[in-house]
Amino acid sequence: MDNQAEVREFLTSRRAKITPEQAGLPAGSRRRVPGLRRSEVAALADLSVEYYAKLERGNLAGASPAVLEALARALRLDDAERAHLLNLAHTADGSDALTRPRRRTTRAWTPHPSLQWVLDAVTAGPAFVRNGRMDVIATNQLARAFYDDIYAAAGNQANLARFQFLDPASRRFYPDWDQAADIAVAILRTEAGRNPHDKELHDLVGELSTRSDEFRTRWGAHDVRHHGTGTKRFHHQTVGDLTLAYEGLELAAEPGLTLTIYTAEPGSASEERLRLLASWAATQDSAVPAERRTD
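Looking now at the overall build of the protein. Within the protein, the secondary structure is distributed over 15 helices and 5 strands. Considering the protein as a whole, with its 295 residues, one finds that 46% of them fall into the buried category. Within the protein, residue pairs in contact and separated by at least 24 positions form 56% of the contacts whose partners lie at least 6 positions apart. On the protein, roughly 14900 Å² of surface is accessible, and the fraction owed to carbon and sulfur atoms is 52%.

What follows is about helix H4 (residues 65–74). In an α-helix, one turn spans 3.6 residues, which is why side chains three or four residues apart end up on the same side. Those residues of H4 that sit buried are Val 67, Leu 68, Ala 70, Leu 71, Ala 72 and Ala 74. Among the structural elements, helix H1 (3–17), helix H2 (38–44), helix H3 (49–56) and helix H5 (79–93) are those in contact with the buried residues of H4. A positive backbone phi angle near 55 degrees is found at Arg 76, which sits one or two residues after H4.

Moving on, we get to the sheet that holds strand E1 (residues 127–131). Note on sheets: strands pair through backbone hydrogen bonds, and any given pair is parallel or antiparallel. Reading across from one edge, E2-E1-E5-E4-E3 is the order of the 5 strands in this open sheet, with antiparallel pairing throughout. Only two strands of the sheet have a single neighbouring strand rather than two, namely strand E2 (136–139) and strand E3 (229–236). Averaged over all adjacent pairs, the angle separating strand axes in this sheet is 30 degrees, with direction ignored. Direction of pairing for E3 relative to strand E4 (residues 240–250): antiparallel, over a ladder of 8 bridges. Its bridge partner being in E4, Phe 234 is matched across the sheet by Leu 242. Where helix H7 (residues 113–121) meets the sheet, its contacts fall on E1, E2 and strand E5 (257–263), and the angle it forms with E2 comes to roughly 65 degrees.

Of all residues in the protein, 90% attain a pLDDT of 70 or more, and the chain-wide mean is 88. Confidence drops under pLDDT 50 across residues 96–107; counting only partners more than four residues distant or on other chains, this segment forms 27 contacts. Ignoring residues within four places in sequence, the model shows residues 288–295, a span with pLDDT below 50, making 5 contacts including any to other chains.

This paragraph deals with the environment of Arg 73. Relative to the helices and strands, Arg 73 is located in helix H4. Of the residues examined, Arg 73 reaches a relative accessible area of 54% and is grouped as exposed.

Counted by the stated rule, this structure contains 26 salt bridges. Residue Asp 148 is joined to Arg 144 by a salt bridge in which the shortest nitrogen-to-oxygen separation is 3.9 Å. In this structure Asp 148 comes out as partly exposed when scored by relative accessible area, which is 23%. As a salt-bridge pair, Lys 199 and Asp 203 come within 2.8 Å of each other at their nearest N and O atoms. With Lys 199 and Asp 203 both in helix H13 (residues 199–211) and 4 residues apart, this pair spans about one turn of that helix.

Before going further, it helps to spend a moment on H13. With 13 residues, H13 should reach 18 Å at 1.5 Å per residue; the first-to-last C-alpha distance of 18 Å fits that figure. Residues Leu 201, Leu 204, Val 205, Leu 208 and Ser 209 constitute the buried set of H13. Within H13, the buried residues cover an arc of 125 degrees as seen down the axis, which keeps them to one side. Opposite its buried face, H13 presents the exposed residues Lys 199, Thr 210 and Arg 211, each directed more than 90 degrees away. Buried residues in H13 make contact with helix H10 (160–166), helix H12 (177–194) and helix H14 (213–219).

Cut-offs used in this document
- Residues numbered from 1 in each chain as written.
- Predicted model: local features only at pLDDT ≥ 70, side-chain atom pairs only at ≥ 80, totals over all residues.
- Heavy atoms only, no water.
- Helix = DSSP H or I, 4+ residues; strand = E, 2+ residues; numbered from the N terminus.
- Buried < 20%, exposed > 50% of the residue type's maximum accessible area, 1.4 Å probe, protein only.
- Contact = heavy atoms within 4.5 Å.
- Areas by Shrake-Rupley, 256 points an atom, 1.4 Å probe, with all protein chains shown as cover.
- Pairing = 2+ DSSP bridges.
- Axes fitted to C-alpha atoms, helices over the stretch in contact; angles between N-to-C directions.
- pLDDT = per-residue confidence, 0-100.
- Salt bridge = Lys/Arg side-chain N within 4 Å of Asp/Glu carboxyl O.
- Expected span 1.5 Å × (residues − 1).
- Arc of directions from axis to C-beta.

Shown next, in the form of structure tokens:
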């Protein structure tokens, strides 16, 4: 990714999202652009207009932690946006290669036996590991059945973002499709800030931008997020509607990888449907010869 372009577009988009009223400034009647003016952001961050203009042109190299924190406050960045700004600044300084753990490619990585044991020990809900590109790279039996649509088309390559934007089946699987699409792009945008030299991520973003207007529009918004906890709705082709809570945990021993576990509210219809899905998954798995199983 072009760091200066990323910085310029991120700061510009954040400035445009803040109204003068939110910043405690008079709205006025002669504003030509949405959001705050550069001079107003500079004043809120206690920076000169010239210096802020330099930063917004993409020149974050050399910006001190105090300046970055003042900028984050002025732009009212949330935790995910603040972390993204710091990642962009590290890349601008050329320090990311020195300070970040080496990331492994999907093809070279296999789960440690103990991690697979942990996944297999989760029997009440889907549990899986994904990387920042949204490749699903390890699952328990129930997650493999839960994401059956994603594995059904070889072109998806077990990638949640590719499934989201290029596979028509995603419109059924995600009843709240727009929300799921927003989350998927924000996760990829966050990963681009953390790992800007990932060729596979470049290739994925290029593919999705070329083939999906929905992706391209969202990518241009520069939204980022920490995907930690929440609730989602799904429609599985075998068992029907599911409302599931999820927890996402970063794996300390494997930087860049996230363990996600879905669970249903005890006593709910979704819990019963997960049990049915688990029974179906066990039947399907027992019908496949051991030498042909991939999970």
